[in-house]
Amino acid sequence: MKEKFKLYRPAVAAFLTMMAMAVTSSTLSFFLEPVCAQLNIGKGSFSLIFSLMTIAGAATNPILGRRAGKKGVRGILSVAAIWGCGSLLLFAMAERLWMLYLAGLLLGLFGSNCLALCGNVIVQNAYDPRQASGILGVVMSGSGVGGMMFNLLIPYVLTAAGWQRAMAVMAFCWLAVVGASVLMLGKEKAMEQHTGGAGVGLGMTQAEALKSPKLYMLIAVIVVITAACGVQQQQPSMLGLYGYGSGKISRMISVQTAVLAAGKIGQGILYGRLGVRRGGCTMLLVFGSAFLILAVPALAWPGLMVMALGLGVYTTLLPLVTRQVFGTREYAAIWGMLATCGSIGTIVANPVWGGICDLTGSYTIAMLILPLLLTAAAWILNKLLKDLR
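Residues numbered from 1 in each chain as written. Predicted model: local features only at pLDDT ≥ 70, side-chain atom pairs only at ≥ 80, totals over all residues. Heavy atoms only, no water.

**Student:** Can you walk me through the environment of Lys211 in this structure?
**Tutor:** Within the secondary structure, Lys211 is located in the loop between α11 (206-210) and α12 (213-229). Remark: the alpha-carbon pair of Lys211 and Pro62, spanning 149 residues in sequence, is separated by 17 Å. (Helix = DSSP H or I, 4+ residues; strand = E, 2+ residues; numbered from the N terminus.)

Laid out in structure tokens, this is it:
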């Protein structure tokens, strides 16, 4: 029993980390309508908050990735627990748009990008490649489990107490879950300690990766995927335009997050059975089809469910691709760099999707563009991984 606990302790810590990630990756979207109404701002202006969070995360990810490779992630998570809580409380006290932007920038420094990096590195650090694909799927389902919990809690608090008190509740949820992750993780060895130090493990160094065309092919895939995932922040607004009430929207997104959690576990199994190349290309095409379905208001329910299957691609597929292409020699540093580049998709996409809605009154144009982009990403991924054989 003690040995099993020791084996799965890192996975539990990573799972809790991903649960906390749901606070900023999905639940924050529920604040779009009430904040815009109270502060009299447009959806595009509010959506810029997500871009600012992503910019801040992009600035810190390479630094955090390098530190995670050398020292592990426990210290990073300890800072993130306190910093994120404080940033969300600042958000709750905001009375002007610039205050929201400041809170977003601060939260982004140790926000969802930081937690995704830490959860990923914990798994890659603790388990071998055969174990990692299955365990990573289970671990990354934590964001779906967290999403289900927070997506049920926060709309209720929003209605009962207002958006500012609801944001304060989110702050303390963040502190509790990330703090629990730190306690569960305990002592850890950094990846470079496992491989004997940078330059001794298997695979490329960061400097070698920068000279490889494979890096830039993977960056293109990541940018498209993050741009598509950015639509998740617009879902409450889009469903509102389709005529759904706030209670129905909350239930729909809660069911979607349940499918997302199960889908991530299924993806881990899929990649183990079909391989990363065939499984990954299949999931990108499935993800693209979701937006075509969502373009039809009457098909919102099935569209959300199919989209849930695709939303897990970023956290389940891309870490495995990165490890397969670049190895473990300086994995954390390379992944931190890739996550930063992937932030470009989120930085550009969130205000673009919100702006399209403000200009045209719907998200239809976005729903038609994204399937084309994801099909192109599947083609690039297939070529990248096929060339490795």
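Moving on, there is more to tell.
**Student:** So what exactly am I meant to see when it comes to the environment of Leu318 here?
**Tutor:** Relative to the elements of secondary structure, Leu318 occurs in helix α17 (residues 313-326). In this structure Leu318 comes out as buried when scored by relative accessible area, which is 0%. Residues Leu318 and Val276, 42 residues apart in the sequence, show an inter-C-alpha distance of 9.3 Å. Aside from chain neighbours lying at most four places away, what touches Leu318 is Leu218, Val221, Ile222, Ile225, Val313 and Trp335. (Buried < 20%, exposed > 50% of the residue type's maximum accessible area, 1.4 Å probe, protein only. Contact = heavy atoms within 4.5 Å.)

**Student:** Looking at this model, I keep getting lost on a nonpolar patch on the surface. Mind explaining?
**Tutor:** There is a patch of nonpolar side chains on the surface, built from Ile82, Phe172 and Leu175 and spanning about 310 Å² of accessible area. Turning to its location among the elements, Phe172 is positioned in helix α9 (residues 163-185). (Patch = residues over 30% accessible without salt bridge, like charges linked within 9 Å, V, L, I, M, F, W, Y side chains within 5 Å. Areas by Shrake-Rupley, 256 points an atom, 1.4 Å probe, with all protein chains shown as cover. Salt bridge = Lys/Arg side-chain N within 4 Å of Asp/Glu carboxyl O.)

**Student:** Would you mind showing me how to read α12 here?
**Tutor:** With 17 residues, α12 should reach 24 Å at 1.5 Å per residue; the first-to-last C-alpha distance of 25 Å fits that figure. For α12, the full list of buried residues reads Leu215, Leu218, Ile219, Val221, Ile222, Val224, Ile225, Thr226, Ala227, Ala228 and Cys229. Close packing links the buried residues of α12 with α11, α15 (276-294), α16 (300-311), α17, α18 (331-360) and α19 (364-386). (Expected span 1.5 Å × (residues − 1).)

**Student:** Would you mind going over the packing of aromatic side chains with me for this structure?
**Tutor:** Remark: the centre distance and the inter-plane angle together describe each pair of aromatic rings, the angle taken between the planes. Scanning all chains against the criterion turns up three aromatic pairs. On the numbers, 5.6 Å between centres and 55° between planes, the contact of Trp83 with Phe110 is tilted. Pair noted here: Trp83 is in helix α4 (residues 74-92) and Phe110 is in the loop between α5 (97-109) and α6 (112-126), with a separation of 27 residues, a long-range link. Classification of Trp83 as partly exposed rests on a relative accessible area of 33%. Judged by its relative accessible area of 16%, Phe110 is buried. Ring plane angle 45° and centroid distance 6.0 Å describe the contact between Tyr314 and Trp335, whose orientation is recorded as tilted. Note that Tyr314 is positioned in helix α17 and Trp335 in helix α18, a separation of 21 residues in sequence. (Phe/Tyr/Trp six-rings, centres within 6.5 Å; stacked < 30°, edge-to-face > 60°.)

**Student:** Help me understand the packing of α18 against α19 in this model?
**Tutor:** In a pair of packed helices, the angle between the axes and the distance between the axes together describe the arrangement. Two elements in contact, α18 and α19, have axes whose closest approach is 8 Å; the angle formed by their N-to-C orientations is 140°. By the criterion of interaxial angle, the relationship of α18 to α19 is oblique. In this structure, α18 uses Trp353, Ile356 and Thr360 to contact α19, whose residues at the interface are Ile365, Ala366 and Leu370. Its residues placed into classes, the contact of α18 with α19 shows five nonpolar, one polar and no charged. (Axes fitted to C-alpha atoms, helices over the stretch in contact; angles between N-to-C directions. Parallel < 35°, antiparallel > 145°, perpendicular 65-115°, else oblique. Nonpolar A, V, L, I, M, F, W, Y, C, P; charged D, E, K, R; others polar.)

**Student:** It is not clear to me how the side chain of Gln267 should be interpreted in this structure. Could you clarify?
**Tutor:** Its location among the elements puts Gln267 in helix α14 (residues 246-274). Within the local environment of Gln267, its side chain forms a polar contact with the backbone oxygen of Leu309, the two atoms lying 2.7 Å apart. Those residues in contact with Gln267 that lie beyond four places of it in its chain are Met283, Leu309, Gly312, Val313 and Thr316. (Polar contact = N/O pair within 3.5 Å; in protein donor to acceptor, adjacent residues only side chain to side chain.)

**Student:** So what exactly am I meant to see when it comes to the side chain of Ser212 here?
**Tutor:** Take Ser212: it is sitting in the loop between α11 and α12. In this structure the side chain of Ser212 is engaged in a polar contact, spanning 3.1 Å, whose partner is the backbone nitrogen of Lys214.

**Student:** Hey, could you run me through the packing of α14 against α16 in this one?
**Tutor:** Here α14 crosses α16 at 35°, and the two axes come no closer than 7 Å. For the element pair α14 and α16, the recorded crossing hand is right-handed. Together, Lys248, Arg251, Met252, Val255, Gln256, Val259, Leu260, Gly263 and Gln267 of α14 and Ala300, Trp301, Leu304, Met305, Met307, Ala308, Leu309 and Leu311 of α16 make up the contact between the two elements. Looking at side-chain class alone, the contact of α14 with α16 contains 12 nonpolar, three polar and two charged residues. (Left-handed = near helix turned anticlockwise from the far one by under 90°.)

This is a description of form; function is not addressed.
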